[in-house]
Amino acid sequence: ILTMGYEIITITPTIADGAHAAGKVFFHLNEVKMPARACEIMNMFMEVNNGGGEDSTKIGILFFQKNVQPYLNKAGSLNATADIDNDDFVNNKYIGTRYLMLDATASLDLNVIDTTALYYQCGSNTNTSNPDDSGSAERMILKGDAGSNTVYAAGIVHKGVPDFDGSTNIKIHIHVEY
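Given the structure is predicted, the values throughout are model-derived calculations rather than measurements.

Caption draft 1: Highlighting the nonpolar core. Membership of the largest hydrophobic core comes to 30 residues, with the highest contact counts inside it found for Phe26, Met46, Ile61, Phe63, Tyr119, Ile172 and Ile174. Elements with a contribution of two residues or more to this core: β1 (6-11), β3 (25-33), β4 (38-49), β5 (57-64), β6 (94-102), β7 (116-122), β9 (150-159) and β11 (170-177). At 5 residues, the largest contribution of residues to this core is made by β4. Val25, Leu62, Ile84 and Ala154 belong to the second-largest nonpolar core, a separate cluster that totals 9 residues.

In structure tokens:
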């Protein structure tokens, strides 16, 4: 009998304090240690303590097999335009994106805890201005490069202007099956 394992992986990326606009780097590549070489993402959540729960916000979490170029922009700055060179992007071995959102119109305004905003996984096609578009997330496999149990995650703001009050108050919880 084959049994699957389950794990919750938490990463705590460093971000820039203040407002972030669409197309800006939310956080650079962070190491994600997996319990096996390949895992399927079952769900993802983001916990933002002390502020940062802005409605109509969608954040992309990009996954890579390598960390050849750890910055998503040439200057290495947070909250700056994501202008990583094509060769660096390719050499990092991009493997997919998952999205997190917070939106009152899509019944995902779950910012009900005064001191903590909770972002929930959504699909790539989720339209934050259409409450009937649930946009469930597609299946996604994380697989380390050449025998490695490690992948890397980076974040980009896709929609909205989230204002994060602090640089170390983010936790991203990745639920995996392996």
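Text resumes after the structure shown.
Caption draft 2: A nonpolar patch on the surface, seen in detail. Among the surface-exposed residues, Leu2, Met4 and Tyr6 lie close enough to one another that they form a single nonpolar patch of about 390 Å² accessible area. Inspection of the secondary structure assignment puts tyrosine 6 in strand β1. Assessed through its relative accessible area of 55%, tyrosine 6 is described here as exposed.

Caption draft 3: Examining the packing of aromatic side chains more closely. Enumeration over the complete set of coordinates arrives at 6 aromatic pairs. An angle of 90° between the planes, with centres 5.5 Å apart, marks the rings of phenylalanine 45 and tyrosine 120 as edge-to-face. One end of the pair, phenylalanine 45, is in strand β4; the other, tyrosine 120, is in strand β7, and 75 residues separate them in sequence. With relative accessibility at 23%, the residue phenylalanine 45 sits in the partly exposed group. For the pair phenylalanine 64 and phenylalanine 89, a centre-to-centre distance of 5.3 Å together with 85° between the ring planes defines the contact as edge-to-face. With phenylalanine 64 in strand β5 and phenylalanine 89 in helix α1 (residues 86-91), the pair connects residues that are 25 residues apart, well separated along the chain. Look at phenylalanine 64 and you get buried, because its relative accessible area is 0%. Relative accessible area serves as the criterion here: at 25%, phenylalanine 89 is assigned to the partly exposed category. Between lysine 58 and the ring centre of tyrosine 99, over which it is positioned, the NZ or CZ distance is 4.9 Å.

The rules behind the values
Residues numbered from 1 in each chain as written. Predicted model: local features only at pLDDT ≥ 70, side-chain atom pairs only at ≥ 80, totals over all residues. Heavy atoms only, no water. Core = buried A, V, L, I, M, F, W, Y, C linked by side-chain atoms within 4.5 Å. Buried < 20%, exposed > 50% of the residue type's maximum accessible area, 1.4 Å probe, protein only. Helix = DSSP H or I, 4+ residues; strand = E, 2+ residues; numbered from the N terminus. Patch = residues over 30% accessible without salt bridge, like charges linked within 9 Å, V, L, I, M, F, W, Y side chains within 5 Å. Areas by Shrake-Rupley, 256 points an atom, 1.4 Å probe, with all protein chains shown as cover. Salt bridge = Lys/Arg side-chain N within 4 Å of Asp/Glu carboxyl O. Phe/Tyr/Trp six-rings, centres within 6.5 Å; stacked < 30°, edge-to-face > 60°. Lys NZ or Arg CZ within 6 Å of the ring centre and 35° of its normal.

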